[in-house]
Amino acid sequence: MKVKLTLCVGGLALALSGCQYLPEHGLAEPEEEMPTMAGCEAGEPTFDDGACLLPNWVAFGLASQRGDGEWRRQALAEIEAAHGRSEAERELARAVALAWGSEREWREATELYQTHTQAAPEDLQPLLRYWRNELEGRRSLSGQAGNARAQVANLQRENSELAEKLEALTAIEQNMNLRQQSP
């Protein structure tokens with residue numbers, strides 16, 4: 001019994017000995033807070049190297065994805081009107097805006113990504129390559145869907161032609177049966 005009591009008291013002492021390291025108000029807060037992107041403007045993306053490089057490009061990409069044709073026209077006009085930006089910076093911003101437009105615009109966006117990604121800051125290049133690959137995937141799927149629609153239309157036409165031939169053969173067979181029944 002004495003051994004059990006000693007073990008219990010020892011265990012309790014060990015458990016309580018670290019209490020001063022526990023936070024006073026619930027869970028411990030992280031010592032270093034994640035830097036907020038509140039200081040980043042979500043406007044036109046630039047190559048300015050800093051904490052806002054990726055957040056600005058991601059925000060612009062999301063806006064492009066959510067934007068309609070009017071948003072796209074306005075964004076493209078603002079990109080063209082921007083002074084003091086490099087050609088690669090403008091063209092990659094155009095690529096992002098065009099990437100969610102029409103299928104014709106997809107082709108132009110892909111070419112812009114391929115041409116200008118290497119001129120972007122190193123930290124931005126993986127994101128731009130990812131967007132280009134995703135866009136090429138959409139273009140490929142769209143092409144496959146177009147091919148599938150063409151195949152369906154072709155098969156429907158062939159089916160219709162075969163149905164007409166079957167009707168003609170059925171009519172011929174009925175005529176032959178009628179002739180055989182006649183004396």
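Above this note sits the structure.
Residues numbered from 1 in each chain as written. Predicted model: local features only at pLDDT ≥ 70, side-chain atom pairs only at ≥ 80, totals over all residues. Heavy atoms only, no water.

A.B. asks: Even after reading the chapter, I still don't get the overall build of the chain, so can you show me in this structure?
C.D. replies: Scanning the chain for helices and strands turns up six helices and zero strands. Walking the chain from its N terminus toward its C terminus, one meets helices and strands in the order α-α-α-α-α-α. In the chain, the share of contacts with a sequence separation of at least 24, taken over all contacts with a separation of at least 6, comes to 54%. Roughly 13700 Å² of accessible area belongs to the chain as shown, and the carbon and sulfur atoms make up 56% of that amount. (Helix = DSSP H or I, 4+ residues; strand = E, 2+ residues; numbered from the N terminus. Contact = heavy atoms within 4.5 Å. Areas by Shrake-Rupley, 256 points an atom, 1.4 Å probe, with all protein chains shown as cover.)

A.B. asks: Which parts of the structure should I look at to understand helix α2 (residues 53-66)?
C.D. replies: Note on helix geometry: an α-helix contains 3.6 residues per turn, so any two residues three or four positions apart are oriented the same way. Counted at 1.5 Å a residue, the expected span for α2 with its 14 residues is 20 Å, and the 20 Å between its end C-alpha atoms agrees. Within α2, burial applies to Leu53, Asn56, Trp57, Phe60, Gly61 and Ser64. Across the axial projection of α2, the buried residues extend over an arc of 135 degrees, all falling on one side. Buried residues along α2 sit against α3 (69-81), α4 (87-98) and α6 (125-181). (Expected span 1.5 Å × (residues − 1). Buried < 20%, exposed > 50% of the residue type's maximum accessible area, 1.4 Å probe, protein only. Arc of directions from axis to C-beta.)

A.B. asks: How should I be thinking about the packing of aromatic side chains in this particular structure?
C.D. replies: Any pair of aromatic rings gets described here by the distance separating the centres and the angle formed by the planes. Within the structure shown, the criterion is met by two aromatic pairs. Over the ring of Trp100 we find Arg138; its NZ or CZ atom is 3.7 Å from the centre of that ring. Against the face of Trp106 rests Arg138, its NZ or CZ located 4.9 Å from the ring centre. (Phe/Tyr/Trp six-rings, centres within 6.5 Å; stacked < 30°, edge-to-face > 60°. Lys NZ or Arg CZ within 6 Å of the ring centre and 35° of its normal.)

A.B. asks: Would you mind going over the nonpolar core with me for this structure?
C.D. replies: Among soluble globular proteins, nonpolar side chains are generally buried collectively. Residues Trp57, Tyr113, Leu124 and Leu128 are the most contacted members of the largest nonpolar core, which totals 25 residues. For this core, the secondary-structure elements that each account for two or more residues are α2, α3, α4, α5 (103-116) and α6. With seven residues, α4 is the largest single contributor of residues to this core. Not counting residues within four places of it along the chain, the set of residues in contact with Leu124 comprises Phe47, Leu53, Leu54 and Trp57. (Core = buried A, V, L, I, M, F, W, Y, C linked by side-chain atoms within 4.5 Å.)

A.B. asks: Sorry, what's going on with the packing of α2 against α4 here?
C.D. replies: A packed helix pair is summarised by two numbers, namely the angle formed by the two axes and the spacing between the axes. Running from amino to carboxyl end, α2 crosses α4 at an angle of 40 degrees, the nearest separation of the two axes being 8 Å. In this view, α2 runs oblique relative to α4, as classed from their interaxial angle. Counted together, Trp57, Phe60, Gly61 and Ser64 of α2 and Glu89, Leu92, Ala93, Val96 and Ala97 of α4 form the full contact between these two elements. Taken together, the residues of the contact of α2 with α4 break down into six nonpolar, two polar and one charged. (Axes fitted to C-alpha atoms, helices over the stretch in contact; angles between N-to-C directions. Parallel < 35°, antiparallel > 145°, perpendicular 65-115°, else oblique. Nonpolar A, V, L, I, M, F, W, Y, C, P; charged D, E, K, R; others polar.)

A.B. asks: What is the right way to read α6 from this model?
C.D. replies: For α6, spanning 57 residues, the distance from its first C-alpha to its last is 83 Å, which sits close to the expected 84 Å at 1.5 Å a residue. Its buried side turned inward, α6 meets α2, α4 and α5.

A.B. asks: Would you mind showing me how to read the pattern of salt bridges here?
C.D. replies: If charged atoms from side chains of opposite charge come close, those side chains can pair. Enumeration over the complete set of coordinates arrives at eight salt bridges. Here Glu91 and Arg94 are joined by a salt bridge, their closest N and O atoms 3.2 Å apart. Residue Glu91 and its partner Arg94 are both found in helix α4; the two are separated by three residues, about one turn of the helix. Among the residues examined, Glu91 registers a relative accessible area of 14% and is labelled buried. When its relative accessible area of 17% is taken as the criterion, Arg94 is described as buried. (Salt bridge = Lys/Arg side-chain N within 4 Å of Asp/Glu carboxyl O.)

A.B. asks: Just to check I follow, could you spell out the packing of α3 against α4 for this structure?
C.D. replies: Where α3 contacts α4, the axes come no closer than 10 Å and their chain directions differ by 180 degrees. Between α3 and α4, the crossing angle belongs to the class labelled roughly antiparallel. Mapping the contact onto sequence places Trp71, Arg72, Leu76, Ile79 and Glu80 in α3 and Arg90, Ala93, Arg94, Ala97 and Leu98 in α4. Of the residues belonging to the contact of α3 with α4, the class tally is six nonpolar, no polar and four charged.

All we've got here are geometric facts, nothing functional implied.
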